[in-house]
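# A closer look at the structure
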Amino acid sequence: MNWLYYFDLFGVFVFGLSGGFDGAKYRLDLFGILVLSLATSLGGGIMRDVILGSHPPNAFINQTYFFTAVLAGLVAFFFSKRVERHFDFVQIADAVGLGVFAAIGAAAASAYGLGWFGIILMSVLTATGGGVVRDLLVREIPMILRADFYASAAIIGSIVYISLDSLGINPDISLAASAATATLSRFIAMRFGFRLPQARGKHF
Amino acid sequence: MNWLYYFDLFGVFVFGLSGGFDGAKYRLDLFGILVLSLATSLGGGIMRDVILGSHPPNAFINQTYFFTAVLAGLVAFFFSKRVERHFDFVQIADAVGLGVFAAIGAAAASAYGLGWFGIILMSVLTATGGGVVRDLLVREIPMILRADFYASAAIIGSIVYISLDSLGINPDISLAASAATATLSRFIAMRFGFRLPQARGKHF
Amino acid sequence: MNWLYYFDLFGVFVFGLSGGFDGAKYRLDLFGILVLSLATSLGGGIMRDVILGSHPPNAFINQTYFFTAVLAGLVAFFFSKRVERHFDFVQIADAVGLGVFAAIGAAAASAYGLGWFGIILMSVLTATGGGVVRDLLVREIPMILRADFYASAAIIGSIVYISLDSLGINPDISLAASAATATLSRFIAMRFGFRLPQARGKHF
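Before going into details, it helps to say that this report is about the structure given with it. Note that this is a predicted model, so its numbers are computed, not measured. (Residues numbered from 1 in each chain as written. Chains lettered and ligands numbered in written order. Predicted model: local features only at pLDDT ≥ 70, side-chain atom pairs only at ≥ 80, totals over all residues. Heavy atoms only, no water.)

### Some details on the overall build of chain A
Definition in use: Helix and strand labels come from DSSP, where a helix needs a run of H or I of at least four residues and a strand needs a run of E of at least two; each type is numbered from the N terminus. Atoms counted for the radius of gyration: C-alpha only. Globule rule: 2.2 Å times the number of residues to the power 0.38. Accessibility here uses a 1.4 Å probe with only protein chains present; expressed as a share of the type maximum, an area under 20% marks a residue as buried, one over 50% as exposed, and anything in between as partly exposed. By definition in these notes, contact holds between two residues if any of their heavy atoms fall within 4.5 Å. To measure how exposed things are, a 1.4 Å probe is used in the Shrake-Rupley method; for residues, cover is taken only from the protein chains shown. Residues counted as positive are Lys and Arg, residues counted as negative are Asp and Glu, and His and the chain ends are not counted. Taken as the charge centre is NZ of Lys, CZ of Arg, CG of Asp or CD of Glu, depending on the residue.
Looking only at helices and strands, chain A has nine helices and zero strands in total. Expected size for 204 residues packed as a compact globule is a radius of gyration near 17 Å; at 16 Å, chain A falls within 12% of this value. Principal axes of the C-alpha set define a box for chain A whose edges measure 45 × 45 × 25 Å. Within chain A, the proportion of its 204 residues that are buried is 61%. Look at the contacts in chain A between residues 6 or more apart in sequence, and 76% of them connect residues 24 or more apart. Accessible area of chain A: about 7,800 Å², with a carbon and sulfur share of 66%. Across chain A, the mean location of the 14 positive side-chain charges is 11 Å away from that of the 12 negative side-chain charges.

### What about the relation of the copies chain B and chain C?
The line we're drawing: We place the copies in one frame by least squares, fitting the C-alpha atoms of every residue whose pLDDT is at least 70 in both.
Rotating chain B by 120° and translating it 0.0 Å along the rotation axis places it on chain C, where the RMSD comes to 0.0 Å. Viewed as a symmetry operation, the transformation between the two copies matches a three-fold axis. Interface overlap between copies is the fraction of interface residues in one copy that are interface residues in the other; for chain B against chain C it is only 13%, indicating separate surfaces.

### Considering the interface of chain A and chain C
Short version of the rule: The term buried area means the drop in 1.4 Å probe accessible area that two parts suffer when joined, counted for both and summed. The term salt bridge refers to a pairing of a side-chain nitrogen on Lys or Arg with a carboxyl oxygen on Asp or Glu at a separation within 4 Å. Side-chain atoms alone can form a polar contact between residues adjacent in sequence; in general such a contact is a pair of N or O atoms within 3.5 Å, and within protein one must be able to donate a hydrogen while the other accepts it.
Across the boundary between the two partners, chain A contributes 33 residues, which contact 31 residues of chain C. Summed over both partners, the interface of chain A with chain C comes to about 3,100 Å²; 71% of that surface belongs to carbon and sulfur atoms. On the chain A side of the interface with chain C, the three residues burying the most area are A:R27, A:F60 and A:L137, jointly 25% of the side's total. On the surface where chain A and chain C come into contact, there are zero salt bridges. Applying the counting rule to chain A against chain C returns five residue pairs in polar contact (both at pLDDT 80 or more). Elements with a minimum of two residues in the side of chain A that touches chain C: α1 (2–25), α2 (30–52), α3 (58–61), α4 (63–84) and α6 (116–137) of chain A.

### Points about the relation of the copies chain A and chain C
Superposing chain A onto chain C takes a rotation of 120° plus a shift of 0.0 Å along the axis, which leaves an RMSD of 0.0 Å. Of the residues that chain A buries at the interface, just 12% are likewise interface residues in chain C, meaning the two copies contact each other through different surfaces.

### Here's the deal with the interface of chain B and chain C
Counting residues at the interface gives 31 residues for chain B, matched by 33 residues for chain C. The contact between chain B and chain C buries some 3,100 Å² in all, and 71% of this surface belongs to carbon and sulfur atoms. Linking chain B with chain C are zero salt bridges. One can count five residue pairs in polar contact (both at pLDDT 80 or more) joining chain B with chain C. Counting residues per element, the ones that place at least two in the side of chain B that touches chain C are α2 (30–52), α6 (116–137), α7 (143–146) and α8 (151–166) of chain B.

### Remarks on the packing of α6(B) against α8(B)
Residue and element names in this part refer to chain B. Convention followed: To get an axis, fit a line to the C-alpha atoms, keeping to the stretch in contact for a helix; angles then go from 0 to 180 degrees between the N-to-C directions. Put simply, angles under 35 degrees are roughly parallel, angles over 145 are roughly antiparallel, angles from 65 to 115 are roughly perpendicular, and the rest are oblique. Throughout, a crossing is termed right-handed when the near helix is turned clockwise from the far one, and left-handed when it is turned anticlockwise from it by less than a right angle. Residues are sorted three ways: Asp, Glu, Lys and Arg are charged, Ala, Val, Leu, Ile, Met, Phe, Trp, Tyr, Cys and Pro are nonpolar, and all the rest, Gly among them, are polar.
Contact geometry for α6 and α8: axes closest at 9 Å, N-to-C directions at 135°. The orientation of α6 relative to α8 falls into the category oblique. Crossing geometry of α6 relative to α8 is assigned as right-handed. Contacts from W116, I119, I120, S123, V124 and A127 in α6 reach A151, A154, I155, S158, I159 and I162 in α8. Taken together, the residues of the contact of α6 with α8 sort by class into ten nonpolar, two polar and no charged.

### Brief notes about α2(A)
Residue and element names in this part refer to chain A. What counts, and what does not: Expected helix span is given by 1.5 Å per residue-to-residue step, counting one fewer step than there are residues. The angle separating two fitted axes, one through the seven residues that finish at a residue and one through the seven that start at it, defines the bend at that residue.
With 23 residues, α2 ought to run about 33 Å at 1.5 Å a step, and its terminal C-alpha atoms sit 33 Å apart, in line with that. At L42, α2 shows its largest bend, some 45°. Most of α2 sits inside the fold, with 21 of its 23 residues counted as buried. Between a side-chain oxygen at the N-terminus of α2 and the backbone nitrogen of F31 the separation is 3.1 Å; the capping residue is D29.

### A look at the environment of C:S185
Residues and elements named next belong to chain C. Among the secondary structure elements, S185 is positioned in helix α9 (residues 171–192). By relative accessible area, S185 is classed as buried at 12%. Ignoring anything within four residues of it in the chain, the contact list for S185 reads F149, A153 and I156. Polar side-chain contacts of S185 include one of 2.6 Å to the backbone oxygen of T181.

### Things to note about a nonpolar patch on the surface
Operational definition: Residues with no salt bridge and a relative accessible area higher than 30% make up the patches, which join like charges within 9 Å and nonpolar side chains (Val, Leu, Ile, Met, Phe, Trp, Tyr) within 5 Å.
On the surface, A:L184, A:I188 and A:F192 cluster together into a nonpolar patch covering about 330 Å² of accessible area. Positionally, A:I188 belongs in helix α9 (residues 171–192).

### Topic: the packing of aromatic side chains
Using the following cut-off: The pairing test for Phe, Tyr and Trp rings, Trp by its six-membered ring, is centres within 6.5 Å, and the orientation test on the planes gives stacked under 30 degrees, edge-to-face over 60, and tilted for anything in between.
Enumeration over the complete set of coordinates arrives at 27 aromatic pairs over all chains. Grouped by ring-pair contacts, the aromatic residues A:F66, A:F67, C:W116 and C:F117 constitute a single cluster.

### Looking at α9(C)
Residue and element names in this part refer to chain C. Put simply, the test is: Starting at the helix axis, one direction is taken to each C-beta atom, and the arc is that of these directions.
Here α9 contains 22 residues, and its C-alpha end-to-end distance of 31 Å stays within 8% of the 32 Å for a straight helix at 1.5 Å per residue. What α9 keeps buried is the set S174, L175, S178, A179, A182, T183, S185, R186 and A189. Down the axis, α9 shows its buried residues gathered within 150° of arc, on one side only. Set apart from the buried face of α9 by more than 90 degrees, the exposed residues are I173, L184, R191 and F192. In this fold, the buried residues of α9 make contact with α1 (2–25), α5 (89–111), α7 (143–146) and α8 (151–166). For α9, the N-terminal capping position is held by N170, with its side-chain oxygen 2.7 Å away from the main-chain nitrogen of D172.

### Some words on the packing of α5(C) against α9(C)
Two numbers describe a pair of packed helices, the interaxial angle and the distance between the axes. Residue and element names in this part refer to chain C. Here α5 crosses α9 at 145°, and the two axes come no closer than 8 Å. Our pair here, α5 against α9, has a crossing hand that is right-handed. Between α5, through Q91, I92, A95, V96, L98, G99, V100, A102, A103, I104 and A107, and α9, the contact on the second element is made entirely by L175, S178, A179, A182, T183, R186, F187 and M190. Considered class by class, the residues forming the contact of α5 with α9 number 14 nonpolar, four polar and one charged.

### So, the side chain of C:S18
Tracing the sequence through the fold places C:S18 in helix α1. Apart from the residues lying within four places of it in its own chain, the contact partners of C:S18 are C:T40, C:V90, C:A93, C:D94 and C:R134.

### Observations concerning unusual backbone geometry
Geometrically, the link from A:H55 to A:P56 is a cis peptide bond, its omega value of -20° lying close to zero. With respect to the helices, strands and loops of the structure, A:P56 is situated in the loop between α2 and α3. At A:R27, a residue that is not glycine, the phi angle is positive and equals roughly 55°. Relative to the assigned elements, A:R27 resides in the loop between α1 and α2. For B:R139, which is not glycine, the phi torsion reads 60° and is therefore positive. Inspection of the secondary structure assignment puts B:R139 in the loop between α6 and α7.

See below:
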């Protein structure tokens, strides 16, 4: 449980970074950046808790989530200038957060007794919910639609969790393996532009 | 109950088609299309269950919803080329889904003991929620705002349900009549461009 | 409790106006305007109730909310031509609603036993949720990101509520003071263009 908790905070931090860097990219003021950090990093978990019926959501009763997200926003605010010319930090942080939250969403759904498809759905929702909120707020096409192998990475992560869990593996190891696989899948897709088949039609 | 269930799946399927065809229109890859199908077809029902306090929502505990949505997405993916030059399938599928989900939203709200205005609100939310999610994700102006007689069609459907139900009509018949009326209202509006009065201002 | 209730309805009314005037600006038809009024004025409260686990939300069981929102939409529809050349009514109504809902969100979170950060989060969410829904639906950049001192105003309002409440002040007075401070902060920011520091980057 403890390890899950710190893992969750880590996911909150990296998603907070992705929201914060995105806000800096659009020249939001300090509070706008903090709002985007909070929305991105807490959005997925709040959706997860609301859907599972865990009231009030963790983010509202444990202040560490709040401060972790704010810290990430501050880091993004103060370091955005230095960082942005080297990497697309929004995408990198997003990929790490995606993996972590896919694993945590799967674990939470499993703890609530959902079946495998419920676990997959919850995993994808938790992993992508915050990013969708972020992208909608800054009016970009959500990564879940435009990015290569995005929801797919979360699905892979949740399948790894379900498989290891059904083999009776230690939950902490299942969690770590699930997050690592999902993040890695996304990194590989980002690096090599791995794509799924496309239907023909107009471009965005 | 059984009839309600298959009716619900039918609504999931047609909304899944509308999401899938929309995704194909924007050249999303296969997973993007499936994501859009799932979001469109399950979004309204998840909102309905979360608001009524039915945890976890149906879509997370009954895998048939999941597979019905995925099937609709696959159909859209493989047939989008053939279909799109003949009809605006997104709008047609959306109109059918609108009617079905308006009726089901009304029935669910009624089963939870809500009053007539609660039933109308829930009916409109269930009927339009998935479509709003779809339109937000692909960054179109939501149909609920731009389309002629859209929320109005759901309201008419819910009023039909409330009226028949208060007369003691068999619930299955109320459900079918409500869905038919809502879908028909929307079709008529699409065909004849029936419009409500407009305030003057700027165009989108 | 009674005073809180009428205060809540007042918030619903002004947010309904802001949604309605926004809809009129985009030449929506009458039902589109009513939908936008309802979404703007009830959105924040529904999110609040869903997150706190209050099922079904107030807006679904008390018809006065519904009619208040519809009334605001009708007012916006019939008076939009006369009003819009004089003031930016969307922003003014939004600022008043922001203050009222910040106070009510804080009071609700406090009644549910949340700590100070939970109260602040809930206050900001309740105050800004409806406006975010409105802005997303008409595809504007949400005020919470672009407007000067927006979420900040809600935070100030919630801090005033927490402070007065912890001093044992009468809840009605805490509520009024909190709403007044939040709205005033926002008005001052609107009038004098008070801004928080910005990170450098591209403009929207």
